[in-house]
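Observations on chain architecture
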Amino acid sequence: MVCFNSFYQAYQHKLKLALIGQSIFGQEVYNKLRKEGHKVVGVFTVPDKNGQADPLALAAEKDGTPVFKFPRWRAKGKPIQEVVAAYKSVGAELNVLPFCTQFIPMDVIDCPKHGSIIYHPSILPRHRGASAINWTLIQGDKKAGFTIFWADDGLDTGPILLQRECDVGQNDTVDDLYNRFLFPEGIKAMVEAVHLIADGKAPRIPQPKEGATYEGIQKKENAEVISWNQPAAALHNWIRGHDKVPGAWATIDGQVVTFYGSSLLDASVPAGQELAIKGASRPGLVTKNGLVVFGNDGKMVLVRNLQFEDGKMIPASKYFSADETTALELTEEEKKMAEDIRAIWKGILSNVAVIEDSTDFFKSGASSMHVVRMLEEIKQKYSGLQLQNEDVYMATKFADFIQMAVRKFRGEDKEEELVIDYISKNVNNMTVNMPYQCFINGHFINADDGKTYDTINPADGSIIASVSSASLADVDKAVAAAKEAFENGEWGRMNARERGRLMYRLADLMEEHQEELATIESIDSGAVYTLALKTHVGMSVQTFRYFAGWCDKIQGATIPINQARPNHNLTFTKKEPIGVCAIVIPWNYPLMMLAWKSAACLAAGNTLVLKPAQVTPLTSLKFAELSAKAGFPKGVINILPGSGGLVGQHLSEHPDVRKVGFTGSTPTGKQIMKSAATNLKKVSLELGGKSPLIIFNDCELDRAVKMGMGAVYFNKGENCIAAGRLFVEESIHDEFVRKVVEEIKKMKIGDPLDRSTDHGPQNHKAHLEKLLQYCETGVKEGATLVYGGRQVRRPGFFMEPTVFTDVEDHMYIAQEESFGPVMVISKFKNGDVDGVLRRANTTEYGLASGVFTKDISKALYISEKLEAGTVFINTYNKTDVAAPFGGFKQSGFGKDLGKLFSPSLISHLTVQINEETTLPVVPCV
């Protein structure tokens, strides 16, 4: 392959050109060449068709460039001398053939000083001939591209000037390749080729003989699906290789039916109504997503649209109900719109005397280029009417087109509107609208058994809302919806970059609603509003943006194996999504834990069923609303509020769930592992912690006090990586404690919506009572309660920040996590580094840890020896979406965040190919 940089300004010389060809492609090449300063001395194109000039002719005539419209250049195999003479009269130095369907005699090809160059839409020498793009897809090539070559007396055999290539997507059609790459890049390359010739820098590279193929032209008569006895992939390639022109077809119910919009369907056989297809050994299935046809390997192809002999195109899913649509009665405004569109059709179909209701757009002489023109003219008059190219193919007759346009104008074709029954509250100087029902398959619905429960505001104990409590039947419905979306829905067919686009859009919506989300988080979980805004919501937005960027960067690898020589085997892995993921999250960071788990899950291409903590469901349900508004297909995201013992347990046992991600207590995590063993589903667990923080006497004490308090009291102590036990070196112990108590006394405890509040309420009443019992146990065992340990005397579930000292290793509070605002301090002897390390590691947990010291050698030694997933040095609580997060021992396994997120969310497919397998190879010259 030969590539050159396209710095047009570097080229100095200009040429006199003859353009021979047609179409919008030829028109664009013509316009660009003139813009670059070359002189087009003549345009040679086809005669007018149905009274309409070719676009290349129209552009040239507008500029005053001489235009010649010869029906042919040869007669009985010999050049027509009058035609050749007319050509020679323009005095061209180079012939440029951007797209030409006529046979041009060698007298013309060789006439100019620089000869002739031709654009061909394949990577020559592969796919010589007139249907190169079709055959690229029909034969399943992994690479497509184009070649600009020097014309000779062979068929697409001349020396190569330059080539470009692109990847072929699994479901790309002829139109996709042409519009995405061959058209825009081909125009630029044609202009570049002319520049290279003008400056004497254009190469002439002989085409290799190896790999050369020639295939015949594909027309409607030879586009029939003749053999159904072949693999699904071959059927798919045949159908998409003829989409849109000339269209692959088969005989159904005695008439020719053309297939459009095929994709491979890797899923279980969906429900549908059988449809006999001539020549197929197995009937197709008309399903809600389209027509499913079967290859001889048992695999499936999904066809989205069908076109009948009369030109009418329908969604394949509507095959058995195609004639049920009732004609609309038009309003006066709509009648005017219809007449305006009739005038637009008349302007395009100038050869048609009158546009009747039965006038067929394409049978009247229009082509794909006229589709774009028509839609753009309609858009200029009716900006609110959003039409797509495919709409024209679906309604080719004028009356059908008007009916379709009016339905779109009225909004009747839109996805059914998301119906949400909110609980609305005026709080925090705004109105917050909170969904309260289960979110299943894109709909907010009541629990199957109608049960609800109350979610409580921890700041005052009041009821915020009665929330649906999901039942076992709701779990089954949600899992079925997620499985359907993964196996048969739009999500499963969506490319990775499009997934990323949806995730970016969702992140933007979360950011737009950040104040509302932070307010809901605050009243539902007790989080201080400023912290909720910055961390709970802010990091959630960052997480979705981070993983949106990962969508198209999850890659496999090639693997050298022992049998690579002499048998020439190639082994590679592909990383694929695993399916339905169940996510169970805790109540301390409701939205952020949702983001940590679900963003990675979605980035990998999975679908999910998420159970928020029973006491904090509201931001998860608001997230569901935003995901629907972002455009996530139905079934991809499902949210089930309710009991962990019921919903969470059933999810962990469900045979159609392939992965469980859980953040919560260690005992519950152990139970989930047992349940997950029923079908050996993958599991990742982020469980309890008793994170040690070691403070040496050579630290910056004021910084250690500030960061140590944050390590304990951040988010009211309801923090999985909170420093559960502080080890303070003996010589600074008393001063450290004194400074901590002084700072606690400055903390403002109160309304979490008050911007000046430092410390809000504990999450729920049962947790507050557990914390008070925890403190009582500490006192009974002999630890010194220096400060706090009591409930604050005010409505709500507030607890005083608490400090214990003289805590010995055997005590309950030294071993067990409080998950609250309780600082547990133990003293260690001066200089006893290894001794304090042994004490710090004498815990069954290993989530996080920290050390404060100015001695970098000591810090690194400590970090190496501490048994924890994260070690903070002279800081604490500094998590980031790019850094992997997870623990050891009974703190669980698996990683959230960072590029290590993918192993538990994807499956690795290993492929081995031997030397007899044909692989597309593009030689680099």
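Residues numbered from 1 in each chain as written. Predicted model: local features only at pLDDT ≥ 70, side-chain atom pairs only at ≥ 80, totals over all residues. Heavy atoms only, no water.

Reading across the sheet, the 7 strands line up as β3-β2-β1-β6-β7-β8-β9 and stay open at both edges, with mixed pairing between neighbours. The open sheet has two edge strands, β3 (67–69) and β9 (160–167), and neither has a second partner. The average angle at which neighbouring strand axes cross in this sheet is 15°, direction not considered. By the bridge criterion, 3 bridges tie strand β1 (residues 16–20) to strand β6 (residues 94–97) in an arrangement that is parallel. Each bridged residue has a counterpart across the sheet, and for Leu19 the counterpart in β6 is Val96. Its contacts with the sheet put helix α1 (residues 23–35) on β1, β2 (39–45), β6 and β7 (116–120), and the angle it makes with β1 is roughly 170°. (Pairing = 2+ DSSP bridges. Helix = DSSP H or I, 4+ residues; strand = E, 2+ residues; numbered from the N terminus. Axes fitted to C-alpha atoms, helices over the stretch in contact; angles between N-to-C directions. Contact = heavy atoms within 4.5 Å.)

Another point: the UniProt feature "domain: Carrier" (unreviewed entry) in the protein. The UniProt record annotates "domain: Carrier" (unreviewed entry) at residues 332–409. Segment residues 332–409 splits into 63% helix and 0% strand. End C-alpha atoms: 14 Å apart. (UniProt positions renumbered as here; feature names shortened; annotations may be inferred.)

Centre distance and the angle of the planes are the two values used to describe a pair of aromatic rings. One pass over the structure, following the stated rule, counts 29 aromatic pairs. Pairing Trp73 with Tyr87 gives two aromatic rings, centres 6.5 Å apart and planes at 65°, and the pair type is edge-to-face. Remark: Tyr87 occurs in helix α3 (residues 81–88) and Trp73 occurs in the loop between β3 and β4 (74–75); sequence separation between them is 14 residues. Taking the relative accessible area as the measure of exposure, Tyr87 reaches 1% and is therefore buried. With a centroid separation of 5.1 Å and 65° between ring planes, the pair formed by Trp596 and Phe885 is classed as edge-to-face. In this pair, Trp596 sits in helix α17 (residues 590–603) while Phe885 sits in the loop between β37 (870–873) and β38 (888–889), placing the two residues 289 residues apart along the sequence. The same class applies to Trp596 as to Phe885, namely buried. Taken together, Phe25, Tyr119, Phe146, Tyr178, Phe181 and Phe183 form an aromatic cluster joined through their ring pairs. One cation-aromatic arrangement involves Arg282 over Phe294; the distance from NZ or CZ to the ring centre is 3.6 Å. (Phe/Tyr/Trp six-rings, centres within 6.5 Å; stacked < 30°, edge-to-face > 60°. Buried < 20%, exposed > 50% of the residue type's maximum accessible area, 1.4 Å probe, protein only. Lys NZ or Arg CZ within 6 Å of the ring centre and 35° of its normal.)

Quick look at the sheet that holds strand β36 (residues 848–852) now. One open sheet accounts for 7 strands, arranged β32-β33-β34-β31-β30-β36-β37; its pairing is mixed. Each edge of the open sheet carries a strand with a single partner, namely β32 (784–787) and β37. In this sheet, adjacent strand axes meet at a mean angle of 25° when their direction is disregarded. Here β36 runs beside β37; their pairing, made up of 4 bridges, is parallel. Bridged to Val851 within β37 is Ile873.

We now examine the packing of helix α14 (residues 496–512) against helix α16 (residues 529–550). Relative to each other, α14 and α16 sit at 165°, their axes nearing to 8 Å. Taken together, α14 and α16 sit at an angle that is classed as roughly antiparallel. The way α14 lies across α16 gives a crossing that is left-handed. Each of Gly500, Met503, Tyr504, Leu506, Ala507, Asp508, Met510 and Glu511 in α14 lies in contact with α16, whose residues at this interface are Ser540, Val541, Phe544, Arg545, Phe547, Ala548 and Gly549. Here the contact of α14 with α16 is built from residues that sort into 9 nonpolar, 3 polar and 3 charged. (Parallel < 35°, antiparallel > 145°, perpendicular 65-115°, else oblique. Left-handed = near helix turned anticlockwise from the far one by under 90°. Nonpolar A, V, L, I, M, F, W, Y, C, P; charged D, E, K, R; others polar.)

Tracing the backbone shows Ile277 in the loop between β12 (273–275) and β13 (284–287). Along the sequence, Ile277 and Cys775 sit 498 residues apart, while their C-alpha atoms lie 76 Å from each other. If near-sequence neighbours (up to four positions away) are discounted, Ile277 is found in contact with Trp228, Ala250, Thr251, Ile252, Gly284, Leu291 and Val293.

A word on the nonpolar core. Core analysis: the largest hydrophobic core is formed by 98 residues, its most contacted members being Met503, Phe544, Phe632, Ile695, Leu726, Phe736 and Met823. A total of 11 residues in this core trace back to one element, the largest contributor, which is α17. Ignoring sequence-local partners within four residues, the contact set of Phe544 consists of Met503, Leu506, Ala507, Met510, Leu594, Ala595, Ser598, Ala599, Leu602 and Phe623. Within the second largest apolar cluster, 39 residues are counted, among which are Val96, Leu161, Val168 and Leu196. (Core = buried A, V, L, I, M, F, W, Y, C linked by side-chain atoms within 4.5 Å.)

In this section: the UniProt feature "active site" (unreviewed entry) in the protein. In this structure's numbering, the residues bearing the UniProt feature "active site" (unreviewed entry) are His120, Glu686 and Cys720. Spanning 601 residues, the named residues do not form one spatial group; their C-alpha atoms are separated by as much as 61.6 Å. Take His120: it is sitting in strand β7. Judged by relative accessible area, His120 falls into the buried class, the value being 4%.

Compared with the 18 Å implied by 1.5 Å per residue over 13 residues, the 19 Å span of helix α18 (residues 618–630) between its first and last C-alpha is a close match. For α18, the set of buried residues is Leu618, Thr619, Ser620, Leu621, Lys622, Phe623, Ala624, Glu625, Leu626, Ser627 and Ala630. The positive-phi residue at the C-terminal boundary of α18 is Gly631, with phi of around 105°. (Expected span 1.5 Å × (residues − 1).)

Moving on, we get to the packing of helix α15 (residues 514–525) against α18. Any two packed helices are characterised by how steeply their axes cross, that is the angle between the axes, and by the distance between the axes. α18 packs onto α15 with a crossing angle of 155° between their chain directions and a minimal axis gap of 9 Å. As the angle between them shows, α15 and α18 are arranged roughly antiparallel. Contacts from Glu516, Leu517, Ile520, Glu521 and Asp524 in α15 reach Leu618, Thr619, Lys622 and Leu626 in α18. Across the contact of α15 with α18, the residue classes break down as 4 nonpolar, 1 polar and 4 charged.

As a further point, take a positive patch on the surface. Where like charges cluster on the molecular surface, the positive patch consists of Lys534, Arg703, Lys706 and Lys878. Note that Lys534 resides in helix α16. (Patch = residues over 30% accessible without salt bridge, like charges linked within 9 Å, V, L, I, M, F, W, Y side chains within 5 Å. Areas by Shrake-Rupley, 256 points an atom, 1.4 Å probe, with all protein chains shown as cover. Salt bridge = Lys/Arg side-chain N within 4 Å of Asp/Glu carboxyl O. Lys, Arg positive; Asp, Glu negative; His and termini not counted. Charge placed at Lys NZ, Arg CZ, Asp CG, Glu CD.)

Below, the discussion takes up the side chain of Gln437. With respect to the element layout, Gln437 can be found in the loop between β18 (430–435) and β19 (438–440). Classification of Gln437 by relative accessible area gives buried; the value is 9%. A distance of 2.9 Å separates the side chain of Gln437 from the side chain of Asn446, its partner in a polar contact. Apart from residues no more than four positions distant in its own chain, Gln437 is found in contact with Asp421, Phe444, Ile445, Asn446, Ser468 and Leu621. (Polar contact = N/O pair within 3.5 Å; in protein donor to acceptor, adjacent residues only side chain to side chain.)

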